[in-house]
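Reading the structure
If you want the building blocks of each chain, they are given just below.
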Amino acid sequence: MQNSSITKTQIAVMSITAGVCVANIYYNQPILKDIAHQFNVPESKAGIISVLAQAGYGLGLFFLTPLGDKADRKKLILAFMGMLVAVLVGTTFVQNFFWLSIFSLLTGLLSVAAQVILPMAAGMDAKNRGRNVGIIFTGILVGILAARVFSGFIAEWLNWRWVYGISAAMVLACMAMVQFSLPNVKAGFSGHYGKLLVSSLIQLKRFSVLRRTALLGALMFGLFCSFWTTLTFHLSGEPFNYGTDIIGLFGFVAIGGALLAPVFGKLADKGNPTRAQLFAGLMVLISIILIKVFPHSVTGLVISVFLLDVGVQATQVTNVATIYTLDATAHSRINTAYMTSYFIGGALGSFIGIQCWGAGGWNLVTWQLLVWSVFALVVVLFRRNK
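It should be emphasised that the depicted structure is a prediction, and the values quoted were computed from it without experimental measurement.

A word on the overall build of the protein chain. Scanning the protein chain from terminus to terminus reveals 16 helices and zero strands. For the protein chain, the proportion of its 386 residues judged to be buried stands at 62%. Carbon and sulfur atoms make up 69% of the accessible area of the protein chain, which amounts to about 14,400 Å² in all.

Okay, structure coming up:
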């Protein structure tokens with residue numbers, strides 16, 4: 001039951017819109033092989049598309065989302081989404097790999113509308129901040145995971161280009177929902193743009209909690225992206241030889257894990273984030289060990305995917321709910337500091353995963369996943385002792 005200015009309908013619109021926007025970064029992962037074939041490039045080169053989309057998102061987080069503390073957030077969301085529609089239409093008709101790369105970077109850059117929505121929701125209801133952020137973050141997570149299912153099936157039965165054309169229509173529909181459902185939210189920062197960017201970096205200096213959660217978030221999301229980017233290559237080869245539609249089905253397993261995210265948001269509201277993060281870190285470690293020990297077992301992969309996604313998403317929801325307790329007047333800048341680190345980790349994870357796949361296949365990929373998970377657990381344990 002809502003007890004402030006935010007309604008269930010508004011939460012739903014924010015959650016759906018955030019998921020639809022951020023999904024655009026991940027549509028490419030199950031269809032990388034199709035893209036490689038279409039443009040006659042090696043799989044390792046096609047994988048750069050995934051890295052560029054995430055890098056663009058990281059750039060957008062740093063250079064664009066701080067504007068949420070300076071400009072009307074609703075207008076900012078609509079502006080980003082309008083430009084995103086244009087880029088998606090361009091991707092639908094792109095004719096060479098160079099322009100596909102440019103459009104992928106721009107897609108990531110403009111998909112940060114989702115990260116203007118999160119601090120907007122956090123500022124509208126302080127009492128239920130963790131719960132509301134958990135619901136919207138679940139929308140983001142479901143968008144990330146459902147993107148693989150959606151793009152896999154569309155590419156298999158139609159063509160990979162249809163993925164982006166349909167997405168443009170979905171973003172346009174969400175723009176209408178935002179226009180008619182969300183309020184205009186006045187900005188609280190009156191300085192110039194350069195000062196705004198500097199202030200975003202200063203948030204890291206201000207809060208040790210933010211620095212630790214940013215590092216943990218980067219490690220967890222780096223592991224997550226490294227796994228999902230290379231899983232496509234693993235499942236499309238021996239002994240599986242799956243098509244993009246079957247590969248996309250693994251996203252359904254992960255969505256089940258993402259739906260548990262609001263539970264951890266509620267734990268953060270109750271002031272017990274460290275326990276949730278320790279539990280999540282152990283789940284991730286166990287999932288990677290299973291992948292390592294049973295690399296060709298479908299059952300093992302399904303269990304690992306579920307545990308991995310529950311662990312990663314639980315960590316991120318807890319992190320986000322925690323950082324929004326730091327300073328209500330700087331939500332967008334704090335979000336920028338955290339999420340920029342988060343998606344830099346994701347881009348780095350994808351890049352390292354692709355290199356490991358090229359150098360040593362799935363065996364080397366799983367070793368580096370184990371390293372990521374151990375480092376993340378060490379950061380959680382370090383927090384516990386501070």
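Residue P239 is bonded to the preceding E238 through a cis peptide linkage, with omega at 0°. If you check the backbone angles, N40 has positive phi at about 55° while not being a glycine. For N40, the position within the fold is in the loop between α2 (32–39) and α3 (43–46). In this structure, N241 takes a positive phi of about 55° despite not being glycine. Take N241: it is sitting in the loop between α11 (208–236) and α12 (244–258). Classification of N241 as partly exposed rests on a relative accessible area of 45%.

With that out of the way, let us pick up a nonpolar patch on the surface. On the surface, F153, W157, L158, W162, I246, L249 and F252 cluster together into a nonpolar patch covering about 740 Å² of accessible area. Of all elements in the fold, only α8 (129–157) and α12 reach the threshold of two or more residues within the nonpolar patch. The element that contributes the greatest number of residues to the nonpolar patch is α12, accounting for three residues. Note that I246 resides in helix α12.

We now examine the packing of helix α1 (residues 8–23) against helix α7 (residues 113–124). Look at α1 against α7: their axes get within 8 Å of each other, and the N-to-C directions meet at 160°. Considered as vectors, α1 and α7 are oriented roughly antiparallel to each other. In the packing of α1 onto α7, the handedness of the crossing is left-handed. Contacts between α1 and α7 pair Q10, M14, T17, A18, C21 and V22 from the former with A113, A114, I117, M120, A121 and M124 from the latter. Across the contact of α1 with α7, the residue classes break down as ten nonpolar, two polar and no charged.

The full count for this structure, using the stated rule, is zero disulfides. With no disulfide of its own, C21 has C174 as its nearest cysteine by sulfur position, at a separation of 6.5 Å. C174 gets classed as buried once you look at its relative accessible area, which sits at 3%.

With 14 residues, helix α6 (residues 97–110) should reach 20 Å at 1.5 Å per residue; the first-to-last C-alpha distance of 20 Å fits that figure. Along α6, the residues that are buried comprise F97, L100, S101, F103, S104, T107, G108 and L110. The backbone nitrogen of F98 lies 3.2 Å from a side-chain oxygen of the residue at the head of α6, namely N96.

Turning next to helix α15 (residues 298–323). Over its 26 residues, α15 runs 37 Å from end to end, which matches the ideal 38 Å to within 8%, given 1.5 Å per residue. Burial runs high along α15: 21 of the 26 residues are buried.

We now examine the environment of E43. Residue position: E43 is located in helix α3. Note on E43: relative accessible area 27%, which makes it partly exposed. A C-alpha to C-alpha distance of 9.0 Å links E43 and I354, two positions 311 residues apart in sequence. Sequence-distant contacts of E43, that is, excluding residues within four places in its chain, are made with K33, A36, F233 and W357.

Another point: the packing of helix α10 (residues 193–206) against α11. Where α10 meets α11, the axes come as close as 5 Å, and the angle between the chain directions of the two elements is 100°. The angle between α10 and α11 places the two elements in the roughly perpendicular class. Within the contact between the two elements, α10 uses Q203, L204, K205 and R206 and α11 uses S208, L210, R211 and A214. Of the residues belonging to the contact of α10 with α11, the class tally is three nonpolar, two polar and three charged.

This part takes up the environment of M175. Position of M175 among the secondary structure elements: in helix α9 (residues 160–181). The spatial distance from the C-alpha of M175 to the C-alpha of F80 is 9.9 Å, given a sequence separation of 95 residues. Once residues lying within four places of it in the same chain are set aside, the contact partners of M175 are L78, M81, G82 and V85.

Here is what the cut-offs are and how they apply
Residues numbered from 1 in each chain as written. Predicted model: local features only at pLDDT ≥ 70, side-chain atom pairs only at ≥ 80, totals over all residues. Heavy atoms only, no water. Helix = DSSP H or I, 4+ residues; strand = E, 2+ residues; numbered from the N terminus. Buried < 20%, exposed > 50% of the residue type's maximum accessible area, 1.4 Å probe, protein only. Areas by Shrake-Rupley, 256 points an atom, 1.4 Å probe, with all protein chains shown as cover. Patch = residues over 30% accessible without salt bridge, like charges linked within 9 Å, V, L, I, M, F, W, Y side chains within 5 Å. Salt bridge = Lys/Arg side-chain N within 4 Å of Asp/Glu carboxyl O. Axes fitted to C-alpha atoms, helices over the stretch in contact; angles between N-to-C directions. Parallel < 35°, antiparallel > 145°, perpendicular 65-115°, else oblique. Left-handed = near helix turned anticlockwise from the far one by under 90°. Contact = heavy atoms within 4.5 Å. Nonpolar A, V, L, I, M, F, W, Y, C, P; charged D, E, K, R; others polar. Disulfide = S-S within 2.5 Å. Expected span 1.5 Å × (residues − 1). Polar contact = N/O pair within 3.5 Å; in protein donor to acceptor, adjacent residues only side chain to side chain.

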